[in-house]
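For reference, the chains in residue letters:
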Amino acid sequence: MTDEDLLQASADLRVALGRVIRRLRQGYVVGELTLPERSVLSRLDREGPATPGCLADLERVKPQAMGVTLAGLVERGLVERRKDDSDGRKVLMSVTETGVKLLTDRRSHTTRKMAAALAEKFTPAEQRELIAAIPLIERLADEL
């Protein structure tokens, strides 16, 4: 691919992802996890315990914003703080059993809506293509 092709693809991807994000935000229901909360909770579940600073870096937010997100998750019993066994000065955040249960059992309205759209409007081959692209999109997000 040429540089021009990559620039065009990047612009198209940015617009498409922006539309998806806006639609997801429009579907937020009071009481459900916010997108930042869901992202942090999912990351802790997938990757294991992490310090608040590390989470802020990975999520590309300021430490203060991560503090607010984590405080909300702790208050709801979805995440817990504990001292790092290898360095008692550090605090590690980890997902609780309640947090794991929420991730595995509860599906938000927007998630169900997305799954229905995939099932009804996309062929099985298209579904597989989208699913295969998820790790690439996550890797791209990590590199930005």
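The shown structure was predicted, so the numbers you read here are calculated from the model rather than taken from an experiment. (Residues numbered from 1 in each chain as written. Predicted model: local features only at pLDDT ≥ 70, side-chain atom pairs only at ≥ 80, totals over all residues. Heavy atoms only, no water.)

**Looking at the nonpolar core**
Nonpolar side chains tend toward joint burial in soluble globular proteins. Residues Val40, Leu41, Leu44, Leu55, Leu70 and Val79 are the most contacted members of the largest nonpolar core, which totals 16 residues. Counting residues per element, the ones that place at least two in this core are helix H2 (35–47), helix H3 (52–59), helix H4 (63–75), strand E2 (91–95) and helix H5 (97–105). Setting aside its immediate chain neighbours within four residues, leucine 55 contacts Val40, Arg43, Leu44, Ala50, Met66, Leu70 and Met93. (Core = buried A, V, L, I, M, F, W, Y, C linked by side-chain atoms within 4.5 Å. Buried < 20%, exposed > 50% of the residue type's maximum accessible area, 1.4 Å probe, protein only. Helix = DSSP H or I, 4+ residues; strand = E, 2+ residues; numbered from the N terminus. Contact = heavy atoms within 4.5 Å.)

**Considerations on the packing of H3 against H4**
Direction vectors running N to C along H3 and H4 enclose 110 degrees, while the axes themselves pass 9 Å from each other. With respect to their mutual orientation, H3 and H4 come out roughly perpendicular. Here Pro52, Leu55, Ala56 and Glu59 of H3 come into contact with H4, specifically with Pro63, Met66 and Leu70. Partitioned by chemical class, the residues of the contact of H3 with H4 number six nonpolar, no polar and one charged. (Axes fitted to C-alpha atoms, helices over the stretch in contact; angles between N-to-C directions. Parallel < 35°, antiparallel > 145°, perpendicular 65-115°, else oblique. Nonpolar A, V, L, I, M, F, W, Y, C, P; charged D, E, K, R; others polar.)

**Looking at H5**
What H5 keeps buried is the set Gly99, Leu102 and Leu103. On an axial view of H5, the arc spanned by its buried residues comes to 95 degrees, and they lie on one face. Across from the buried face of H5, at angles greater than 90 degrees, the exposed residues are Glu97, Lys101 and Asp105. On its buried face, H5 sits against H2 and E2. (Arc of directions from axis to C-beta.)

**Some words on the packing of H2 against H3**
Put simply, H2 and H3 touch, their axes get as near as 11 Å, and they point 110 degrees apart. Considering their axes alone, H2 and H3 lie roughly perpendicular with respect to each other. You can see that H2 and H3 cross each other, and the crossing is right-handed. Contact residues: Ser39, Val40, Arg43, Leu44 and Glu47 in H2; Leu55, Leu58 and Glu59 in H3. (Left-handed = near helix turned anticlockwise from the far one by under 90°.)

**Topic: a nonpolar patch on the surface**
Judged by side-chain polarity, Leu13, Leu17, Ile137, Leu140 and Leu144 come together as a nonpolar surface patch covering roughly 410 Å² of accessible area. Looking at the nonpolar patch, the elements with two or more residues in it are helix H1 (3–26) and helix H7 (124–143). Relative to the helices and strands, isoleucine 137 is located in helix H7. (Patch = residues over 30% accessible without salt bridge, like charges linked within 9 Å, V, L, I, M, F, W, Y side chains within 5 Å. Areas by Shrake-Rupley, 256 points an atom, 1.4 Å probe, with all protein chains shown as cover. Salt bridge = Lys/Arg side-chain N within 4 Å of Asp/Glu carboxyl O.)

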